[in-house]
Amino acid sequence: MVSHSSSQDPQECEMTRNQRGLVETCFEEGQYESGIAVLEQLRSENFKPPVSLVRQLFYIALYPPPPSLDHVEERDLNPVSPSKGSPAKQKHQAPKMTFAPSVNASEAAQRLLLSFVRTNTPTSLFQALPHPRRSNELPFEGDDNDSVVAKESLCIKDAKHCWAILKEGFVPRIKISQPSLLSGKKKRGKLITDTEEYVEENRSNSVLAPVAEYAWLVLQWLVELFQRDESLASGDDSVKHSPLLLLQIPPPRSGTGLRWEADAPLDIVFYCVSQGQPQRRQLGFDLMALLIGICLTAEFDFNMFLEQVTSRLRSASPEIVQTFMSGFHLSHSAQLFKLALCRKFLSDESGGRNPSSRRPKPQARAVRAARGIALVREENLSSSSANDSSASFSASKISTPSTGDIVHLLTGSNERTSPAILTVKKELLISYAYLQQIAEQRDVEWQQITTDGRLEDQVNSVFGGESYAQQDRDALISLVRVWAMN
């Protein structure tokens with residue numbers, strides 16, 4: 001796997017058989033909270049947790065809570081005291097314990113996962129996640145079959161990618177009814193159970209959320225994992241990206257070309273942005289920053305990714321556009337991407353692009369030998385791959401426009417203005433100004449229009465005609481005057 005190229009990184013060893021046996025015994029008996037507590041005590045930067053146990057932690061963390069009081073906890077269905085009769089009759093009549101995780105167990109698993117990502121290396125934890133390509137996955141541990149939760153957790157191993165496990169309904173809940181007495185002599189006292197997978201209320205009438213209500217901490221875990229991988233794998237700020245995140249983007253079906261299928265993580269980004277809680281929106285911004293990092297690598301189809309993001313913006317509400325555009329990190333790469341996004345959005349609007357052709361059609365691309373691009377392969381993720389040319393940063397994918405181009409986009413399409421268009425124009429100016437501020441050599445024309453009043457006049461002209469844009473106009477004029485002094 002990827003080396004994080006630090007001589008000070010701890011050398012992780014496998015947990016001993018006795019150590020993992022303590023946890024597995026608890027899980028086999030359905031004592032999940034006890035097993036999680038033991039695993040917490042064993043947590044150390046010197047020992048990496050077994051892949052199978054991390055996978056089971058995911059399953060417990062993602063197990064849905066009871067939807068209503070009509071469904072009792074599965075473990076409570078066992079009789080408290082033995083019933084009268086022969087042992088054989090008792091065994092026949094007693095309901096089988098389902099070993100379903102409790103809400104407390106799920107919360108404990110979520111806390112432990114977050115602790116692991118802050119203690120152990122991303123590469124050791126990454127093995128528990130599903131991979132779009134698993135040709136060289138580590139051998140499957142046979143003792144996974146020793147407990148119920150181990151068997152059930154195989155759905156995580158077989159998922160299409162790590163984003164799939166977050167989706168509402170991915171981990172089903174077993175529907176078990178309350179004990180009921182039936183009429184009839186032979187049926188009296190028996191427990192009625194329905195072992196069909198629980199179908200959440202109204203699921204058939206609504207679109208499943210890309211992040212289940214109980215999966216937000218698991219999403220936080222994924223974001224922190226990739227952020228830590230990005231910081232450890234990148235020795236130079238100009239090449240900052242997460243190689244592990246890149247592996248969660250499926251390779252082209254043809255076997256050659258660039259990776260491009262980022263619909264699943266982008267769905268999560270925009271779902272996060274639509275949330276009312278600031279913490280959830282921030283997760284979306286952080287995930288977007290991580291995606292920008294990998295989209296600038298030589299293995300990723302930047303133009304396809306830009307089209308995917310733009311198509312979502314076109315169909316989003318003005319409020320979502322405003323929130324999304326204002327959430328970009330203040331970094332060179334993020335602002336470069338944001339600038340490219342604004343330019344494409346405004347260029348498509350001024351060109352009268354047909355909205356029905358929003359989703360790009362995938363096309364296999366041959367890799368040009370002149371570019372020296374090597375496909376990212378899991379078998380090549382060795383200790384030297386972090387510095388390999390296949391992980392090179394391709395900032396040239398985004399060309400910095402001239403000030404004239406920015407002014408043209410700012411003043412164009414005034415006859416087709418809308419809140420979303422004016423928001424994008426505002427963010428276009430802000431990003432371009434930021435890049436000019438940090439540039440080694442600023443555009444002379446930019447310095448001229450900010451100091452001679454032309455840019456302020458253009459802002460007044462573009463934003464002054466709409467009542468809903470007055471606040472943006474006043475804010476931009478204040479910024480233009482600041483830019484003129486710097």
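One numbering rule holds for all chains: residues counted from 1, following each sequence as written. For a predicted model such as this one, the threshold for reporting local features is a pLDDT of at least 70, and the threshold for listing and counting side-chain atom pairs is 80 or more; totals across whole chains, interfaces and linings nevertheless cover every residue. Excluding hydrogens and water, the side-chain figures rest on all heavy atoms present in the structure.

S.K.: Help me get a handle on the environment of Ser-326, residues and values and all.
M.R.: Working definition: helices are DSSP H or I runs of at least four residues, strands are E runs of at least two. Numbering for both runs from the N terminus. Positionally, Ser-326 belongs in the loop between helix H14 (318-325) and helix H15 (332-350). Sequence separation between Ser-326 and Ile-430 is 104 residues; the distance between their C-alpha atoms is 9.8 Å. The term polar contact refers here to a pair of N or O atoms within 3.5 Å; inside protein, the definition further demands a hydrogen-donor-capable atom paired with an acceptor-capable atom, and it admits residues adjacent in sequence only when both atoms are side-chain atoms. A polar side-chain atom of Ser-326 sits 2.9 Å from the main-chain carbonyl oxygen of Gln-322.

S.K.: Account for the side chain of Glu-12, with residues named and values stated.
M.R.: Inspection of the secondary structure assignment puts Glu-12 in the segment before strand E1 (13-14). In this structure the side chain of Glu-12 is engaged in a polar contact, spanning 2.8 Å, whose partner is the side chain of Asn-120. Polar contacts involving the side chain of Glu-12 include one to the side chain of Ser-124, which spans 3.2 Å. Excluding its chain neighbours within four sequence positions, the residues that come into contact with Glu-12 are Glu-45, Asn-46, Lys-48, Asn-120, Thr-121 and Ser-124. Any two residues whose heavy atoms approach within 4.5 Å at even a single point are treated as in contact.

S.K.: Which residues make up the nonpolar core, and what are the values?
M.R.: In terms of nonpolar packing, the biggest core is built from 119 residues, with Phe-58, Trp-221, Phe-226, Phe-305, Phe-324 and Phe-337 touching the most fellow members. In this structure Phe-58 touches Leu-113, Ala-128, Leu-129, Ile-156, Ile-165, Val-218 and Trp-221, once residues within four positions along its chain are discounted. Only buried residues count toward a nonpolar core, which is a set of Ala, Val, Leu, Ile, Met, Phe, Trp, Tyr and Cys residues joined through side-chain atoms within 4.5 Å. Relative accessibility under 20% of the residue-type maximum defines a buried residue, over 50% an exposed one, and the middle range a partly exposed one, all with a 1.4 Å probe and only protein chains included.

S.K.: So what's going on with helix H9 (residues 216-233)? Which residues, and what values?
M.R.: Any helix carries an expected span of 1.5 Å times its number of residues minus one. Look at H9: 26 Å from first C-alpha to last across 18 residues, which is about the 26 Å you get at 1.5 Å a residue. Among all positions in H9, only Trp-216, Val-218, Leu-219, Trp-221, Leu-222, Val-223, Glu-224, Leu-225, Phe-226, Asp-229, Glu-230 and Ala-233 are buried. Where the residues of H9 are buried, they touch helix H3 (51-62), helix H5 (103-119), helix H6 (122-126), helix H10 (243-247), helix H11 (263-273) and helix H12 (278-295).

S.K.: Account for the pattern of salt bridges, naming residues and giving values.
M.R.: Any Lys or Arg side-chain nitrogen found within 4 Å of a carboxyl oxygen on Asp or Glu counts as a salt bridge. As enumerated under the stated definition, the model contains 19 salt bridges in all. Here Lys-338 ties to Glu-427 by a salt bridge, and the two come within 2.5 Å at their closest N and O atoms. Taken together, the residues span a long stretch of sequence, with Lys-338 in helix H15 and Glu-427 in helix H17 (residues 419-438) at a distance of 89 residues. In this pair, the class of Lys-338 matches that of Glu-427, namely buried.

S.K.: Explain the side chain of Glu-230 to me, using residue names and the numbers behind them.
M.R.: Inspection of the secondary structure puts Glu-230 in helix H9. Positive charges are assigned to Lys and Arg, negative charges to Asp and Glu, while His and the chain termini are left out of the count. Buried Glu-230, no salt bridge; nearest opposite-charge side chain is Lys-240, N-O distance 5.3 Å. Setting aside residues up to four positions removed in sequence, Glu-230 forms contacts with Lys-240, His-241, Ser-242 and Leu-290.

All we've got here are geometric facts, nothing functional implied.
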